Amino acid sequence: MQIDFLNEARRQAEICNACRYCEGYCSVFPALHAERAFSDGNLTQLANLCHNCRGCYYACQYTAPHEFDLNLPQALANVRQQSWEEFAYPKSAAKAFQKNGALIALMATVGFAFFFWLARQVATIGGEGFYSILSHNMMVAIFMPAFVFPLVSIAISLRRYWRSVDGDPVKLAHLKKAFASAAVMKNLKGGHGDGCNFEETDRFSQGRRHAHQAVMYGFLLCFAATSSATFMHYLLDMPAPYPLWSLPKLLGVVGGVMLSLGCLQMIRLKLKADKALSANNAFSGEIGFIGLLGFVAFSGLLLYLLGNTELMSLTLFLHLGAVLAFFALTPFTKMVHGFYRLAALTRDAQRTK
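Here the structure is a predicted model, which is why all the values come from computation and not from measurement.

Remarks on the overall build of the chain
- Looking only at helices and strands, the chain features 13 helices and zero strands.
- The N-to-C order of helical and strand elements in the chain reads α-α-α-α-α-α-α-α-α-α-α-α-α.
- Compactness check: the chain gives a C-alpha radius of gyration of 22 Å against a globular reference of 20 Å for 353 residues, within 12% of the reference.
- The principal-axis extent of the C-alpha atoms belonging to the chain is close to 70 × 40 × 35 Å.
- Taken across its 353 residues, the chain has 49% of its residues classed as buried.
- Of the roughly 17200 Å² of accessible surface on the chain, 65% is carried by carbon and sulfur atoms.

The structure is reproduced here in structure tokens:
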């Protein structure tokens, strides 16, 4: 990890530890104030506990033009970004995506869409709906390895992270506390419950927390839709396509709408936010990830609306290309931050046991 980022975060953490004005702002400050000195592992843990709500920055009396020039949200964001790149497997892919995320996401989507179009030209087809274009077996053969790879890669990354922060053996109580915090986005409420200062200077808002919740629960609903469809296909001998009032459709449509709107709101907030409080050179990677995730949801909804029209096949290729790109790139995009935040919350639960 870059020494300059760690040393700058260490300098600022030491000043914050002496001041303690922001003690109740979020989970970062109780964890910070529990330390007397800050190892690289301590700083990595603090950085991944931070949700970049920015409340501490606008409350701080030591920001520029004060000579201390504190900017803790950016200092921790830089360490956090570097930790994701350092622990990623393979590391080079993570660094490339953070620098050119939007372009890589676009090229991967178009490239995989072309791959599905080529597969359509040589494949034997049969079935209704989407399966009249690409068979179920072909989709499974393509997506199963694509689903397994990010799980393995993220598992390796989290193991590296856990070692770096000197994590203890995990108990059920630690996981329950971490999941409870993540479920309500506790740290995006701010210590006072009024929300983030992310949108515009020092104005408090719950908008960022609500956008994150829409994305998280929308994604979980879409995953539940896929899982229920798999159960119906293999165990109940009920292959797709499914009617509107079926469980896969109800879960998928609601989840797709929530995910699309959540991603759109997050992009809007990113464009409004002060980039000087974010990680250096991370904007392209963040926009690339949010845009890709939003397009996966939107193209899925569009695919359903188009039905059996002439545009259905083109939309299917683009949708499947985006889904495959999402799976392949997940370990290197900001999607992985959810896993790291959960790990950081679990480690913090061990500290407060």
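That was the structure; now back to the text.
Focus on the environment of P248
- Structurally, P248 can be placed in helix α10 (residues 247-272).
- A relative accessible area of 10% means that P248 is categorised as buried.
- Taking the C-alpha atoms as reference points, P248 and V215, separated by 33 residues in sequence, lie 18 Å from one another.

A word on the confidence of the model for the chain
- Mean pLDDT over the chain: 89, with 95% of residues reaching 70 or higher.
- Per-element confidence in the chain ranges from a low mean pLDDT of 87 for helix α6 (residues 91-122) to a high of 95 for helix α3 (residues 40-49).

What about the packing of aromatic side chains?
- Tallying each qualifying case throughout the model produces 13 aromatic pairs.
- Summarising the aromatic geometry, the rings of F114 and W117 are spaced 5.7 Å apart at their centres and angled 20° between planes, so their arrangement reads as stacked. Of this pair, F114 and W117 both sit in helix α6, three residues apart, roughly one helical turn.
- Using a relative accessible area of 47% as the deciding quantity, one classes F114 as partly exposed.
- For W117, a relative accessible area of 39% puts it in the partly exposed group.
- Aromatic side chains F326 and F327 sit 6.0 Å apart centroid to centroid with 50° between the ring planes, which places their arrangement in the tilted category. Each member of the pair, F326 together with F327, is buried.
- Counting every residue linked through ring pairs, the aromatic cluster contains F115, F116, F143, F147, F219, F326 and F327.

As for the state of the cysteines
- Per the counting criterion, the structure on display carries zero disulfides.
- For C22, which is in no disulfide, the shortest distance to another cysteine sulfur is to C56 and amounts to 5.5 Å.
- Under the relative-accessibility criterion, C22 is labelled buried at 10%.
- Lacking any disulfide linkage, C60 is separated from the closest cysteine sulfur, that of C16, by 6.2 Å.

With respect to the nonpolar core
- Within the largest apolar cluster, 40 residues are counted, with the highest numbers of intra-cluster contacts made by F116, L134, F143 and F326.
- The set of elements that each furnish at least two residues to this core consists of α6, α7 (136-164), α9 (207-234), α10, α11 (283-306) and α12 (312-329).
- No other element matches the eleven residues that α12 contributes to this core.
- Ignoring any residue separated from it by four or fewer positions in sequence, one finds L134 in contact with F116, A119, R120, M139, F317 and L320.

Digging into the packing of helix α8 (residues 172-183) against helix α13 (residues 337-351)
- Two numbers describe how α8 lies on α13: the axes approach to 8 Å, and their chain directions differ by 130°. When the axis of α8 is compared with that of α13, the two are oblique. Crossing angle aside, the handedness with which α8 passes α13 is right-handed. On α13, the residues that touch H174, L175, K177, A178, F179, S181 and A182 of α8 are L342, L345, T346, A349 and Q350.
- In terms of residue class, the contact of α8 with α13 is built from seven nonpolar, four polar and one charged.

As for the pattern of salt bridges
- Using the criterion set out here, one finds seven salt bridges in the structure.
- Here the salt bridges share partners, and the residues they tie into one network are K270, E286 and K334.

Some remarks on the side chain of H337
- Along the chain, H337 falls in helix α13.
- Excluding residues within four positions of it along the chain, H337 makes contact with W84 and H212.

Overview of the environment of D40
- For D40, the location among the structural elements is in helix α3.
- The sequence separation of D40 and L6 amounts to 34 residues, and the corresponding C-alpha distance is 6.8 Å.
- Every residue in contact with D40, bar those within four places of it in the chain, is listed here: L6 and R10.

With respect to the side chain of T330
- With respect to the helices and strands, T330 occurs in the loop between α12 and α13.
- You can call T330 buried: its relative accessible area is 6%.
- T330 has contacts with P150, I154, M335 and V336, leaving out every residue within four places of it along the chain.

Definitions and cut-offs
- Residues numbered from 1 in each chain as written.
- Predicted model: local features only at pLDDT ≥ 70, side-chain atom pairs only at ≥ 80, totals over all residues.
- Heavy atoms only, no water.
- Helix = DSSP H or I, 4+ residues; strand = E, 2+ residues; numbered from the N terminus.
- Rg over C-alpha atoms; globule rule 2.2 N^0.38 Å.
- Buried < 20%, exposed > 50% of the residue type's maximum accessible area, 1.4 Å probe, protein only.
- Areas by Shrake-Rupley, 256 points an atom, 1.4 Å probe, with all protein chains shown as cover.
- pLDDT = per-residue confidence, 0-100.
- Phe/Tyr/Trp six-rings, centres within 6.5 Å; stacked < 30°, edge-to-face > 60°.
- Disulfide = S-S within 2.5 Å.
- Core = buried A, V, L, I, M, F, W, Y, C linked by side-chain atoms within 4.5 Å.
- Contact = heavy atoms within 4.5 Å.
- Axes fitted to C-alpha atoms, helices over the stretch in contact; angles between N-to-C directions.
- Parallel < 35°, antiparallel > 145°, perpendicular 65-115°, else oblique.
- Left-handed = near helix turned anticlockwise from the far one by under 90°.
- Nonpolar A, V, L, I, M, F, W, Y, C, P; charged D, E, K, R; others polar.
- Salt bridge = Lys/Arg side-chain N within 4 Å of Asp/Glu carboxyl O.

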